[in-house]
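Residue-level listing of the chains:
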Amino acid sequence: MPQKPSTPRDPIAGPQHPESPYPLRLRGPVIKGFGRGSKDLGIPTANIPIEGLDINGHTDLESGIYYGWASLDYSTIEKKEGSEQGKESSNHAVADLVEEDELISKTMSGRTVYPTVLSIGYNPYFSNPTRSIEIHLLSTFARDFYGATLSLLILGYIRPEYDYVSMDALVEDIREDIRVARRSLDRDGYLRVREVEEAWLDGGDEERREGVRFGRDERGGLVGGEMGGQVDGIGVARMMP
Ligand SMILES: Cc1cc2nc3c(=O)[nH]c(=O)nc-3n(C[C@H](O)[C@H](O)[C@H](O)COP(=O)(O)O)c2cc1C
Ligand SMILES: Nc1ncnc2c1ncn2[C@@H]1O[C@H](COP(=O)(O)OP(=O)(O)O)[C@@H](O)[C@H]1O
């Protein structure tokens, strides 16, 4: 597994507009990971089952760090008695990077859409035995949201996964991933996809996807439209709780 190169990192990732195979979509219930994110790193990451990841029939999306948008449906959280409901959560290693600005938006039905950075792979620093998807929402949450349904839109690739000489070095790189994701999403092409994909981020849009195709408008922006059953290079990932 490669170590992090010593060359400076690019401040922004991906082209001006998402290109095929993006956007990739994955939806699933927030499940328990290995319990290291908040405790060891100070960077909580929501895990959802990775099995539904499907890019035009292939499941082998390259391991690495990606950025996109995500939303949460809290209605699927199992109600429990007393104090078990939603333990306090800490994002102390990245709290200073949280900005409650226009990158956090609401859908028509009032659901919050978060800028998001995620890791897909084996977390080489921890040598995980299984492949997982670790999703960090760029916001502060008072409590855990295990059982919520997370709808994810993956829009671009940032870098490969690396091994690190120390946990501090891993945290510092994730902090830079957060900055890169924010800059990368804060571009017209990526803000536009958030609008085009609003139905998906609102928890719906399972069936209509088969008929949606993306094209470019006159300014080169990504737009969606009904195209009579063509999928045309769009990755569709389905994972329902
Ligand atoms: C943006 C981001 C980048 C990451 N990059 C790496 C990496 O390069 N190498 C690595 O071993 N783990 C990486 N991780 C994964 C963390 O190690 C992982 O979130 C941590 O092990 C917590 O896992 P847990 O939530 O399953 O307990 C990254 C996580 C995020 C959110
Ligand atoms: N900003 C955030 N992004 C992702 N998850 C968060 C965030 N803030 C709180 N959480 C909660 O923290 C949980 C992850 O905590 P973590 O310590 O990484 O444990 P594990 O991944 O092992 O479940 C998520 O499932 C979610 O409920």
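Residues numbered from 1 in each chain as written. Chains lettered and ligands numbered in written order. Predicted model: local features only at pLDDT ≥ 70, side-chain atom pairs only at ≥ 80, totals over all residues. Heavy atoms only, no water.

Attention now moves to the site of ligand 1. Near ligand 1 there are 23 residues, and of these Arg 36, Thr 45, Tyr 125, Arg 159 and Tyr 162 occur at the shortest range. A distance of 3.0 Å is found between an oxygen atom of ligand 1 and a side-chain nitrogen or oxygen belonging to Glu 134. Between ligand 1 and Tyr 164 there is a distance of 3.5 Å, counted from an oxygen atom to a side-chain nitrogen or oxygen. In isolation ligand 1 exposes 630 Å². Once the protein is present, 99% of that is buried. Only α1 (37–41), β5 (112–121) and α2 (167–185) provide two or more residues apiece to the shell around ligand 1. At 3 residues, α2 tops the list of elements feeding residues into the shell around ligand 1. (Near = heavy atom within 4 Å. Polar contact = N/O pair within 3.5 Å; in protein donor to acceptor, adjacent residues only side chain to side chain. Areas by Shrake-Rupley, 256 points an atom, 1.4 Å probe, with all protein chains shown as cover. Helix = DSSP H or I, 4+ residues; strand = E, 2+ residues; numbered from the N terminus.)

Of all residues adjacent to ligand 2, which total 20 residues, the nearest are Gly 35, Ser 38, Leu 137, Phe 145 and Tyr 146. Within the side chain of Asn 47, one N or O atom sits 3.0 Å away from an oxygen atom of ligand 2. Protein contacts shield 97% of the accessible area of ligand 2, which totals 560 Å² for the unbound molecule. Within the residue set of the shell around ligand 2, elements represented by two or more residues are α1, β2 (46–47) and β6 (132–137). A total of 3 residues in the shell around ligand 2 trace back to one element, the largest contributor, which is β6. Its residues assigned to classes, the shell around ligand 2 comprises 9 nonpolar, 9 polar and 2 charged. (Nonpolar A, V, L, I, M, F, W, Y, C, P; charged D, E, K, R; others polar.)

Counting residues in hydrophobic clusters, the biggest one holds 29 residues, and the most contacted among them are Ile 43, Tyr 67, Trp 69, Val 117, Leu 153, Leu 155 and Ile 158. Elements supplying a minimum of two residues to this core: β3 (64–73), β5, β7 (149–159), α2, α3 (188–196) and α4 (198–201). Take this core: its biggest share by element is 7 residues, from α2. Those residues in contact with Ile 43 that lie beyond four places of it in its chain are Gly 37, Ser 38, Ala 93, Val 94, His 136, Val 171 and Ile 174. (Core = buried A, V, L, I, M, F, W, Y, C linked by side-chain atoms within 4.5 Å. Buried < 20%, exposed > 50% of the residue type's maximum accessible area, 1.4 Å probe, protein only. Contact = heavy atoms within 4.5 Å.)

Further remarks concern the packing of aromatic side chains. All chains considered together, the criterion is met by 6 aromatic pairs. In this structure an aromatic cluster arises from ring pairing among Tyr 114, Phe 141 and Phe 145. If you follow Arg 25 out to its NZ or CZ, it ends over the ring of Trp 200, 4.0 Å from the centre. (Phe/Tyr/Trp six-rings, centres within 6.5 Å; stacked < 30°, edge-to-face > 60°. Lys NZ or Arg CZ within 6 Å of the ring centre and 35° of its normal.)

All chains considered together, the criterion is met by 12 salt bridges. Close ionic contact of Asp 173 with Lys 4 constitutes a salt bridge, the shortest N to O distance being 3.4 Å. Highlighted residues: Asp 173 in helix α2 and Lys 4 in the segment before β1 (24–29), separated in sequence by 169 residues. A salt bridge links Asp 73 to Arg 111; the nearest nitrogen and oxygen atoms lie 3.7 Å apart. Placement of Asp 73 in strand β3 and of Arg 111 in the loop between β4 (105–106) and β5 is noted, with a sequence separation of 38 residues between them. On the accessibility criterion, Asp 73 (21% relative accessible area) is partly exposed. Accessibility expressed as a relative area gives 15% for Arg 111, which makes it buried. Three or more residues are tied together by salt bridges with common partners; here these are Lys 4, Arg 9, Arg 159, Asp 173 and Asp 177. (Salt bridge = Lys/Arg side-chain N within 4 Å of Asp/Glu carboxyl O.)

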